[in-house]
Amino acid sequence: MGKMNRRNFVGASTAVLGAAGLRLPLWAQLAASGAASLSVPLLLGADYYPDQTPEPLWEEDARRIAEAGLNNVRIAEFAWVLMEPSEGKFDFDWLQRSVDILHRNNVRVILGTPSAAPPPWLTVKYPDVVEVDEKGNRLHPGGRRFTCPTNATYRRLSLAVATEMAKKFTGHPGVIGWQIDNEFTLGSSPRCYCDYCKAGFQAWLRTKYRTLDQVNQTWGTNFWSQHYSDWAQIPVPLPSGGDPNPGLALDYDRYQSFANASFLEEQLAMLRKLCPKHFVTTNNIGVPYDLIDDRELYAKLDFVAFDNYPGFIDMLFHQQGRTGSFLSDAIPTTVAMQNDFGRSILRKPFLVMEEQSGKAGQSSFSPQPDKGQVRLWSYQAIAHGAMGINYFRWDTATSGAEEYWHGMLNHDRSKSPAFDEILQTVRELKSLGPEFLHSDYEADAALYFDYDCSWAVKIQPGHHQLNYAEQATSWYGAISPSHTGIDIVGPGSDLSPYKIVFAPVVYVLSEVQADKIRQYAKGGGFFVTSFRLGVKTETSQIVRQPLPGYLADVMGVTLEDYVPVYAQNPHVKFSSILAGPEAECGIWADILKPSSAEVLAIYNSGQYSGKPAITMNTFGRGKAVYVGADLHPPDLFRVLGTFAGAAGVQRAIDVPAGVELTVRKSGSRRWLCVLNHKSEVQTIRLNGSFRDAISGTTHRAATEVPRYGVLVLEST
Ligand code: GLA
Ligand code: ZN
């Protein structure tokens, strides 16, 4: 594809589509009006490592990448030492030659800034850039992502090499954009406890609280005589013979997320100045990985880029001893949740910067994806709102820690098992075209995910097995079979577009957020939440009123008690709209005392036998449901599915288990994306006639979806 950026692509397609009287999706109208961020061409490419490839192979690589139909590569994100062999001595000749070769072969370049892996000369000369872990031990160079996000020297040196790269390539016609650093959330770096971070934390607290009195009052530091009379006395939460003050610990998690986001923003500000025509993003992974607030990290970037390795997740689950039927649902569900989060952060299409293309792993690795699975995983991301896919990686490294992270080419540079499948997928995605790839995503439901709740539950889980991200993932898994489309929202999000909002374990709740939920329910929304609701204020103090605190009126209940369950799990007996088989309560039970709410289930054994476990309150024109008992699949599926139905959520078509359905739309056009995650043919029932935009075939009534098959159906 000739040099095309979103501005002239959108310009061109606006003319075409305008002529055809078709309305563009919201963001494209914004783009056309110049309101949206920088231009983003169609991105279907690979992650390429000329820094790890003998130069004589570069021409051949560029030619084969282009012949494969790939239109861009991401390069250099781990090539600091080649770009700056010694401090202040920069050498970009090799990179210039590589970018020129790629450009000559019509392959565009996304450059990565290299601050995820500093050269040895840097860590030897400045050893204190290396982070200190939660035990107070300084890590060691040798891996990657081991540096302190606060350290001024590391920030200066990271910015310096990135600035020299920007100066060098701002005008290169082959360069289209930037990836800052690499996967901020991974490795150990998202939490550093060094003295620079302590000083940074103290400065951050001064900005946030202004006075020490405010800090002492907010954290309640009279407890254990932790009252601070000087900012420099405030510690970081390192081992100290007792648990840290929860207010301090929560603020420290917030500080570390801020420190990483501001590290990124230093480089972003420079790129905005020096490379105004280039888009800028960073690649990361989303919930349930939660060490850094991705909403903060991506706030000023042009689009979200996520990395996607379903096979690796499969291997991780195996390593956790989780096997069998659990996997066949858990993997596509976990990946779907990641994708939905990638889209929801900036509420627009996202890029998969790294898509698994072969056996994945470092010291141990996952099996070869089955034939068709790499294509399926690519379409799953697209079906959830991705606008482009880059495959990791073009070739397979023959040295280094990731020699077994297999790419599109094998070690001997022959085609890997999924090579042709990837080419087919790229051809098909190109034929689906930009209006589809940049179309909006249809979601009637939302899952509420709040980093503060995740961090605060980690600091004080109440039950050692209570994990917020796991609860959010199992709730996502329970609602996704209703195939309604799920946005992942957070504090501050507008809830009004959704028929139903699911919000498990809203442990930290501000009055402002409580009022948003109140207005949502009052206005007709269906709000479903669970145990540990509203226990903590945003300053991590426990509310001084009957639980669920600020939302007692909306939920129409207060709590008689809250109970971590370790044995003799109480039974839960359902009634009314939830009538059905009894369930076993898991690790937690909130004992509810209705003031106005209807009882939908009671505990049916144990100390609180007969007491309400699940209630539903009519509030204004809406409903507010309190699921006080920790429920597991399949009970959770049944219960949350019932509420989705009661909220009027409907799926576009019926699909069997193991088949996923999402809807993308642009103006009056709607595409049903059908994904078969099973290794055997599945049959779906269509109401009406649909044309598959991939194959051009028309389908009616009973339609077969091949194993790992994909349909993109547009009604005719
Ligand atoms: C991540 C990183 C890459 C590489 C791949 C494979 O997503 O961003 O650098 O490590 O995984 O491990
Ligand atoms: Zn630090």
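Higher on the page you've got the structure.
Residues numbered from 1 in each chain as written. Chains lettered and ligands numbered in written order. Predicted model: local features only at pLDDT ≥ 70, side-chain atom pairs only at ≥ 80, totals over all residues. Heavy atoms only, no water.

1. With respect to the coordination of the zinc ion (ligand 2)
- Within the first shell, the zinc ion (ligand 2) binds the protein through C148 (SG), C192 (SG), C194 (SG) and C197 (SG), at distances of 2.2 to 2.4 Å.
- Each of the four donor atoms around the zinc ion (ligand 2) contributes to a set of angles spanning 100 to 119 degrees, which defines the coordination as tetrahedral. (Donors = N, O, S within 2.8 Å, 3.2 Å for Na, K, Ca; no water. Tetrahedral: all angles 85-135°; square planar, octahedral: opposite > 155°, others 65-115°.)

2. Some thoughts on the packing of helix α3 (residues 58-67) against helix α5 (residues 93-104)
- Where α3 contacts α5, the two axes come as close as 8 Å, and the packing angle between them is 35 degrees. Where α3 crosses over α5, the two elements pack in a sense that is right-handed. Packed against α3, whose contacting residues are W58, E59 and A62, the element α5 presents W94, R97, S98, I101, L102 and R104 at the interface. (Axes fitted to C-alpha atoms, helices over the stretch in contact; angles between N-to-C directions. Helix = DSSP H or I, 4+ residues; strand = E, 2+ residues; numbered from the N terminus. Left-handed = near helix turned anticlockwise from the far one by under 90°. Contact = heavy atoms within 4.5 Å.)

3. Observations regarding the site of ligand 1
- Every residue near ligand 1 is listed here: F78, R144, N182, E183, N283, D307, Y309, E354, Q362, F392, E402 and W405.
- A distance of 2.7 Å separates an oxygen atom of ligand 1 from a polar atom in the side chain of R144.
- One of the side-chain N or O atoms of E402 is found 2.4 Å from an oxygen atom in ligand 1.
- Its residues assigned to classes, the shell around ligand 1 shows four nonpolar, three polar and five charged. (Near = heavy atom within 4 Å. Polar contact = N/O pair within 3.5 Å; in protein donor to acceptor, adjacent residues only side chain to side chain. Nonpolar A, V, L, I, M, F, W, Y, C, P; charged D, E, K, R; others polar.)

4. Re the packing of aromatic side chains
- Taken as a whole and assessed by the stated rule, the structure comprises 36 aromatic pairs.
- Aromatic side chains Y562 and W588 sit 6.4 Å apart centroid to centroid with 10 degrees between the ring planes, which places their arrangement in the stacked category. Here W588 lies in strand β18 (residues 588-594) and Y562 lies in strand β15 (residues 557-564), a separation of 26 residues in the sequence.
- On the accessibility criterion, W588 (2% relative accessible area) is buried.
- An aromatic cluster is defined as three or more aromatic residues linked by ring pairs; in this entry it consists of Y193, F201, W204, Y209, W219, Y228, Y252, Y255 and F258.
- Seen from the ring of W455, R191 lies directly overhead, with NZ or CZ sitting 5.7 Å from the centre.
- Taking NZ or CZ as reference, R532 lies 4.8 Å from the ring centre of Y562, over its face. (Phe/Tyr/Trp six-rings, centres within 6.5 Å; stacked < 30°, edge-to-face > 60°. Buried < 20%, exposed > 50% of the residue type's maximum accessible area, 1.4 Å probe, protein only. Lys NZ or Arg CZ within 6 Å of the ring centre and 35° of its normal.)

5. Brief notes about the environment of S257
- Mapping S257 onto the fold places it in helix α10 (residues 246-274).
- Those residues in contact with S257 that sit more than four places away from it in its chain are L291, I292, D293, E296 and W455.
- Polar side-chain contacts of S257 include one of 2.8 Å to the side chain of E296.

6. Quick look at the pattern of salt bridges
- In total, this model carries 35 salt bridges according to the counting rule given.
- In this structure, D487 engages R347 in a salt bridge whose closest nitrogen and oxygen atoms are separated by 3.6 Å. Of this pair, D487 sits in strand β12 (residues 486-489) while R347 sits in the loop between α13 (325-346) and β8 (350-356), and the two are 140 residues apart along the sequence.
- The closest approach of N and O atoms between R518 and D515, which form a salt bridge, is 2.9 Å. A residue pair is termed a helical-turn pair when its members lie 3 or 4 positions apart in one helix, as R518 and D515 do in helix α18 (residues 511-522) at three residues.
- One salt-bridge network, held together by shared partners, links D47, R74, E77 and E354. (Salt bridge = Lys/Arg side-chain N within 4 Å of Asp/Glu carboxyl O.)

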